[in-house]
Amino acid sequence: MSSVSYHISNLLDKMTSTDKDFRFMATNDLMLELQKDSIKLDEDSERKVVSMLLKLLEDKNGEVQNLAVKCLAPLVSKVKEPQVETMVDTLCLNMTSDKEQLRDISSMGLKTVIAELPLSSSASVCKKITSQLIGAMGKQDDVSVQLEALDILSDMLGRFGALVSFHGSLLSSLLPQLTSSRMAVRKRSILALGHLVPCCSPALFSQLTQHLLTELSKAPPTSMTRTYIQCLATISRQGGHRVGEHLEKLIPMVVKFTGVEDDELREYCFQAFEAFIRRCPKEMSPHVATVTQLCLKFMTFDPNYNYDDNEEEEDSMDIEDGLDEETDDEYSDDDDLSWKVRRSSIKCLEALISTRRDLLLSFYSSVCPALLSRFREREENVRADVFAAFSALLRQTRAGSGRPGVSVVGTQTSTSACLQVPAIVKALHKQLKEKSIKSRQGCFCLLTELAHTVPGALQEHIPALIPGVIFSLTDRSTTSTMRIDALSFFHVLLLSHPPQVFQPHMQVLLPPVVSCIEDTFYKITSEALLVTQQLIRVMRPQGQTAGGFDPKPFVFSVTMKRLKATDIDQEVKERAISCMGHMVCYLGDHLKTELSDILSIFLERLKNEITRLTAVRTITLVSASPLKIDLSTILPEALSVLGSFLRKNQRALKLGTLACLTALVTHHAASIKPAALEPVLAELPALVDESDMHVSQVLSCSSSLAKICSSVLPGVFRLVHSPLLQGGALAAILDFLQALVQSKTSNLGFSQLMKSLTEPFHSPQSCVDGGALHRQSYHSVARCVAALCSAAPKETAATVSARVLALLSLGEVGRSGSLGGSKEVQGVILEAFSSTSEEVKTASSCALGSMAVGSLNDYLPFMLKEISAQPRRQYLLLHSLKEVISACPGSSLSPHVESIWALLFQNCECPEEGTRNLVAECLGKLTLVNPAQLLPRLKQQLKAGSPLARSTMVTAVKFTIVDHPAPIDSLLKDSIGDFLKTLQDNDINVRRVALVMFNSAAHNKPSLIRGLLGTVLPHLYRETQIRKDLIREVEMGPFKHTVDDGLDVRKAAFECMYTLLDSCLDGLDVLQFLDHVEEGLKDHYDIRMLTFLMLARLASLCPAAVLQRLDRLVEPLRATCTTKVKAGSVKQEFEKQEELRRSAMRAVAALLAVPEVERSPSMADFANQIRSNADMASIYQSVQGGEGGGLGPPEGMDMS
């Protein structure tokens, strides 16, 4: 006998003891043993443990019974299936026992078994449980058994719904329970049906819905009607999209029952409407008007109370007096359930507002005034819901107007919100002083939302709002949460409004905020410090004193107390440092003797690992203060600490430190001794590195350190030769090099710098990594050479000899106009055009373009003449012309526009696509110079030209769409519809470039195409379909090869669809969109890769719609994940298939992250297949980032 078996056998012996303490301790020891992962039971031990624990469930001692139930949890996963079935059989049998205590303990045991049961052995066990429970439900004589059975069924369906295969018998046993005489049985039956709905087949769902409709049409008693309507609401919430196809029959039925004089029934009707709206927004579209009218009618339904129209002018206490008078009558408010009707109708309105952003404008005209009038609702809970609904309206307005390329509708809704501000403040400012905490919280949430949605709109109303804020901060009965809400609203108010609005109220505002800093609850203190920080900026914006008011006595001592304390919360520490930093920055001249104490505390906090980042930012702020704060007492030590931070791995700290050093050197150079800077300078060279361009850029900006930066130069040169250098970091290095030359530092003159820059081009083996230099490096070095030449014009000599670099450098030098129209240079460049090296040719065309930018009149006519005369060099010369059009300001180009335009039009039908694209780019960029005159010409050519000309015109329009506001935008908006008509062109190439142009518009300026989606989308979707007439077979020797000429167009169409997801989601019918995504999942490799990305994106953006189509989407995903490549295929085929599988698995991972997804039987089945297949499971794990991503324990993917 093994030691484990022996130990367990001993414990089982003790469990038979007559002493209850022995039994208890033995059971407890057994539980500890079972919880160990390492324990392995043999068959005999399994049987003995199970039978003993089942016996202990009938123990006379309650504590032993409870412990035996707890033991079942770890035991279920340790024993084999037959033993689990034995447990289940006994527990189910005990549930129908006459002994109430045994029934209770057995039902607890069953719930424990269901919660811990492994998925692998669940099917047969669930079958046993179900058959037994259905029998138990049939015992009409004992309600408690029925209730327990329904409860356990709900648990089981919730966890294993998709794996249970006998939904039909469950449905037929649950439906009769809906007519039970006991309310509790009916409610639990509804819950069980709710768990059954997501995982049952569509046929069963239809059967259930039909049953409810049939029963409702028989006009049952009101109590039964309530149950059926409640059941409808539950299955709509749980079954989601499935209810959509039955809405046409359901809505009229539910509308009819809102007319029945029964408050609870009406409440359930509105809950059903809310579920319909949230789950099937598209199918509800025809019924939105009806439901809105009903909501508006019933949100004011208060038959037992008279809202006097003059009430607003009266004191708010009148409401309470009115209620007191009513208590004398026989009628009691406890009997009044009308508030439930009002609340459910308002929640239904909130659902409408949240799901139908497209109807926002109409909501502002119909729903908004109605909600405003309900701000005086007498019932506290209902009033909170009114505030929540109004906040949702504002949130939707903000979401609509904060998108890129804001639409006209977005602007109109923001204006509508602005117009409502006086009415909102009038309705709310009294309520801010009410006793009801819930109401005040609702007010603050709503006002915060308003300040975010329409910044600055509350400016005129600040005097009306301030008393309410102060009341919530000072009232003794106010809770902590209320104070935090009031402070965070005040903070938003300060951020979104100009300082002068608050300055007159400083005397009243500061004391309550300062008293909150002294509060014992850290969250209040933290929020109050944040507000104080803003108030300090308000008191003295840009260093001006606000009305002679000295805030120091109010703020200084309490903030100082918090700053000195070390035993406080981290958040309070950080905010105290920041708040005091603002005080020193804005009010430093008021702090005379205290300043040195504050600075020494800052230095201490700088040395502390927890607060150092905040301290660095605070010292940066103080050093840049216009008050010229004297930091000399802490500078030497602070510099050495800051120098040590440059070695740390924390990137935010490194960047913060560099910003701080730059500020210190810029503003306090006189106080810094060279010796104090040495520890900092020692750390700098290591930071100039291509692995972090941003740090390098910030560092190179510190050009005031130029005199002592010789150690940094090797790093700078490494960066210049790096292919990653561009943008801000390159600009910073150019400034740095110019500063070095101008500083005339010995051994860092023009010639030495030039030699270091160009050396790798003369001797490639001296290149950083021994490999060839990247093309980008030539451009970077050329810019640096030009910068050096402009900084030291007298020393410019022919120091550059490597040809490509020489040409690029000539171009960059010429860009500044310093070469004029030199014939010698022209000759050199034209000669380079004939070179055999492609790199030299490209460099020469760039150089010619750059020099033409510098002296337009000298070079442009020559270029235009050459383009016409030299067809073989045309491509290179057009490159030069593109450079000129891109870089020259419109004013200097204007005289030449006509001649350039005429030349480009001659070449717009060039058979070579590369040349045509260059012509199109030149045309597009040239159109930006004079859009009013040139855009109509493009449109005219579109109608008149050949297919090649049409494709050039459409491509030209693509280059007029830039990602920042431009004068052409309004003209483009009016005419882009004409260009998009080419999506219906007969020529496939024209359609492809039209799609590319549409994609560019959707990406850079979505506002241009939002209004056209209705007409464009059908043509876009048509291009996603595989066309048989474009597929042909090509014979290649003995092999036949299939060529699909429509592939490029389809790819362009799917790329457009992907872009629309980001920029125009609210203009798409997501279900229709998903139909085409589904087709793409079965298409060519490139398109499948795109659609997998789209599917993952849709799963996070529109989970409800994806769930609706889930069953159709799973199959293509499964097919991709399980496809194997033929054994004799080439390596590329294996790699492509592997990448496809990984991409599909990423989409699966995104789908599995959607709540409730595994309730779909097909998805649950696929998830199981992934778990059980080692190959697929490993791919899943790797796309999840190797975290195990939800496939380890079976519960990981169980989203219920």
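Procedures and definitions
- Residues numbered from 1 in each chain as written.
- Predicted model: local features only at pLDDT ≥ 70, side-chain atom pairs only at ≥ 80, totals over all residues.
- Heavy atoms only, no water.
- Helix = DSSP H or I, 4+ residues; strand = E, 2+ residues; numbered from the N terminus.
- Buried < 20%, exposed > 50% of the residue type's maximum accessible area, 1.4 Å probe, protein only.
- Contact = heavy atoms within 4.5 Å.
- Areas by Shrake-Rupley, 256 points an atom, 1.4 Å probe, with all protein chains shown as cover.
- Axes fitted to C-alpha atoms, helices over the stretch in contact; angles between N-to-C directions.
- Parallel < 35°, antiparallel > 145°, perpendicular 65-115°, else oblique.
- Left-handed = near helix turned anticlockwise from the far one by under 90°.
- Phe/Tyr/Trp six-rings, centres within 6.5 Å; stacked < 30°, edge-to-face > 60°.
- Lys NZ or Arg CZ within 6 Å of the ring centre and 35° of its normal.
- Expected span 1.5 Å × (residues − 1).
- Bend = angle between axes of the 7 residues up to and from the residue.
- 1 Å grid on protein atoms, 1.4 Å probe; cavity = no way out; pocket = protein on both sides within 12 Å on 5 of 7 lines; lining within 4 Å.
- Points joined across faces, edges and corners; volume = space filled by probe spheres on them.
- Nonpolar A, V, L, I, M, F, W, Y, C, P; charged D, E, K, R; others polar.
- UniProt positions renumbered as here; feature names shortened; annotations may be inferred.
- pLDDT = per-residue confidence, 0-100.
- Core = buried A, V, L, I, M, F, W, Y, C linked by side-chain atoms within 4.5 Å.
- Domains from an automatic or database assignment.
- Polar contact = N/O pair within 3.5 Å; in protein donor to acceptor, adjacent residues only side chain to side chain.
- Pairing = 2+ DSSP bridges.
- Salt bridge = Lys/Arg side-chain N within 4 Å of Asp/Glu carboxyl O.

### Quick word on the overall build of the protein chain
Helix and strand counts for the protein chain come out as 58 helices and two strands. Per-residue burial for the protein chain yields a buried fraction of 54% across its 1200 residues. Sequence-distant contacts, at least 24 apart, represent 74% of the contacts inside the protein chain between residues at least 6 apart. Taken as a whole, the protein chain presents about 52300 Å² of accessible surface, with 52% of it coming from carbon and sulfur.

### Concerning the packing of helix α52 (residues 1047-1063) against helix α53 (residues 1070-1080)
Relative to each other, α52 and α53 sit at 135 degrees, their axes nearing to 12 Å. Of the possible angle classes, the one that applies to α52 and α53 is oblique. Crossing geometry of α52 relative to α53 is assigned as left-handed. Of α53, the residues touching α52 (which contributes Phe-1054, Met-1057 and Leu-1061) are Phe-1073, His-1076, Val-1077 and Gly-1080.

### Considering the packing of aromatic side chains
Geometrically, a pair of aromatic rings is defined through the distance of the ring centres and the angle of the planes. Enumeration over the complete set of coordinates arrives at eight aromatic pairs. When the ring of Phe-298 is compared with that of Phe-301, the centres are 5.8 Å apart and the planes differ by 65 degrees; the resulting orientation is edge-to-face. In this structure, Phe-298 and Phe-301 share a single accessibility class: buried. Between Phe-375 and Phe-387, the aromatic rings sit 5.2 Å apart at their centres with planes inclined by 70 degrees, giving edge-to-face as the arrangement. Of this pair, Phe-375 sits in the loop between α18 (360-373) and α19 (380-401) while Phe-387 sits in helix α19, and the two are 12 residues apart along the sequence. Residue classification places Phe-375 among the buried positions, given a relative accessible area of 1%. Taken together, Phe-270, Phe-273, Phe-298 and Phe-301 form an aromatic cluster joined through their ring pairs. Arg-266 extends its terminal NZ or CZ atom over the ring of Phe-301, reaching a point 5.0 Å from the ring centre. Positioned above the aromatic ring of Tyr-1085, the side-chain terminus of Lys-1136 is 5.0 Å from the ring centre.

### Some points on α53
Most of α53 is tucked away: eight of the 11 residues are buried. Taken together, the buried positions of α53 are occupied by Val-1070, Leu-1071, Phe-1073, Leu-1074, His-1076, Val-1077, Glu-1078 and Gly-1080. Buried residues along α53 sit against α51 (1013-1022), α52, α54 (1085-1101) and α55 (1103-1122).

### Concerning α18
The terminal C-alpha atoms of α18, which comprises 14 residues, lie 19 Å apart, in line with the 20 Å expected from a rise of 1.5 Å per residue. Considering bend angle alone, the principal kink of α18 is centred on Val-367 and spans about 40 degrees; proline Pro-369 follows within four residues of it.

### Side note on the layout of surface pockets
Reported here for the largest pocket is a volume of approximately 960 Å³. As for the largest pocket, its lining consists of 27 residues, of which Pro-281, Thr-355, Leu-1068, Val-1070 and Cys-1102 are closest to the centre. Within the residue set of the lining of the largest pocket, elements represented by two or more residues are α14 (263-279), α17 (338-355), α53 and α55. Looking at which element gives the most residues to the lining of the largest pocket, the answer is α55, with five residues. In terms of residue class, the lining of the largest pocket is built from 12 nonpolar, five polar and 10 charged.

### Considering the UniProt feature "repeat: HEAT" (unreviewed entry) in the protein chain
Per the UniProt record, "repeat: HEAT" (unreviewed entry) is annotated on residues 49-87. Counted over residues 49-87, helix gives 77% and strand 0%. Its end C-alpha atoms are 11 Å apart.

### Concerning the confidence of the model for the protein chain
Across the protein chain, the average pLDDT comes to 77, with 79% of residues at or above 70. Overall, residues 402-408 carries pLDDT values under 50, and its contacts beyond four positions in sequence, including any with other chains, amount to 15 contacts. Low pLDDT, under 50, characterises residues 794-801; the predicted model gives this stretch 11 contacts beyond four residues in sequence or across chains.

### Quick notes on the nonpolar core
Counting 224 residues, the largest nonpolar core has Phe-276, Phe-490 and Leu-606 as the members making the most contacts within it. When we break this core down by domain, the ones giving at least three residues each are domain 1 (1-116) and domain 2 (127-200). Ignoring anything within four residues of it in the chain, the contact list for Phe-490 reads Val-469, Phe-502, Leu-509, Val-513, Val-531 and Leu-535. Counting residues in hydrophobic clusters, the runner-up holds 118 residues, among them Ala-920, Ala-1002, Val-1070 and Leu-1152.

### Things to note about the packing of helix α56 (residues 1131-1152) against helix α57 (residues 1161-1172)
With their axes 12 Å apart at the nearest point, α56 and α57 run at an angle of 125 degrees to one another. Taken together, the axis directions place α56 and α57 in an arrangement best described as oblique. α56 and α57 meet at a crossing whose hand is left-handed. Judged by residue contacts, Met-1145, Val-1148, Leu-1151 and Leu-1152 of α56 engage Met-1163, Phe-1166, Ala-1167 and Ile-1170 from α57.

### Quick notes on the environment of Arg-395
Mapped onto the elements, Arg-395 comes out in helix α19. Its relative accessible area of 38% is what places Arg-395 among the partly exposed residues. In sequence terms Arg-395 and His-452 are 57 residues apart; their C-alpha atoms lie 8.8 Å from each other. Non-local contacts of Arg-395, meaning those with residues more than four positions away in its chain, are made with Ala-388 and Glu-449. Looking at Arg-395, its side chain comes within polar contact range of the side chain of Glu-449, at 3.4 Å.

### Side note on the pairing of strand β1 (residues 1031-1036)
With zero of six residues buried, β1 is to be regarded as a mostly surface element. Sheet topology places β1 next to strand β2 (residues 1039-1044); six bridges connect them, and they run antiparallel. Note that in β2 the partner of Arg-1032 across the bridge is Val-1043. Taken together, β1 and the strand that follows it, β2, pair antiparallel across an intervening segment of two residues, in which Gly-1037 is found at a positive phi of about 65 degrees.

### A word on the pattern of salt bridges
Tallied over the entire structure, the rule returns 39 salt bridges. Note that Arg-605 is salt-bridged to Glu-604, the shortest N-O span being 3.9 Å. Judged by its relative accessible area of 9%, Arg-605 falls in the buried class. Of the residues examined, Glu-604 reaches a relative accessible area of 49% and is grouped as partly exposed.

### Describing the side chain of Gln-396
Along the chain, Gln-396 turns up in helix α19. Only 3.0 Å separates the side chain of Gln-396 from the backbone oxygen of Ile-353, close enough to count as a polar contact. Not counting chain neighbours up to four residues away, the residues in contact with Gln-396 comprise Ile-353, Ser-354, Thr-355, Arg-357 and Leu-360.

### Regarding the environment of Phe-363
Its place among the elements puts Phe-363 in helix α18. Spatially, the C-alpha atom of Phe-363 lies 9.7 Å from that of Leu-349, the residues being 14 residues apart in sequence. Excluding its chain neighbours within four sequence positions, the residues that come into contact with Phe-363 are Leu-352, Ile-353, Arg-356, Cys-368 and Leu-393.

### Some words on the side chain of Thr-525
Tracing the chain through its elements places Thr-525 in helix α25 (residues 522-539). What Thr-525 contacts, discounting residues up to four positions off in sequence, is Cys-516, Ile-517, Asp-519, Arg-562 and Val-572.

### With respect to the environment of His-1019
As for its position among the elements, His-1019 is in helix α51. Assessed through its relative accessible area of 17%, His-1019 is described here as buried. There is a polar contact of 3.2 Å between the side chain of His-1019 and the side chain of Gln-984.

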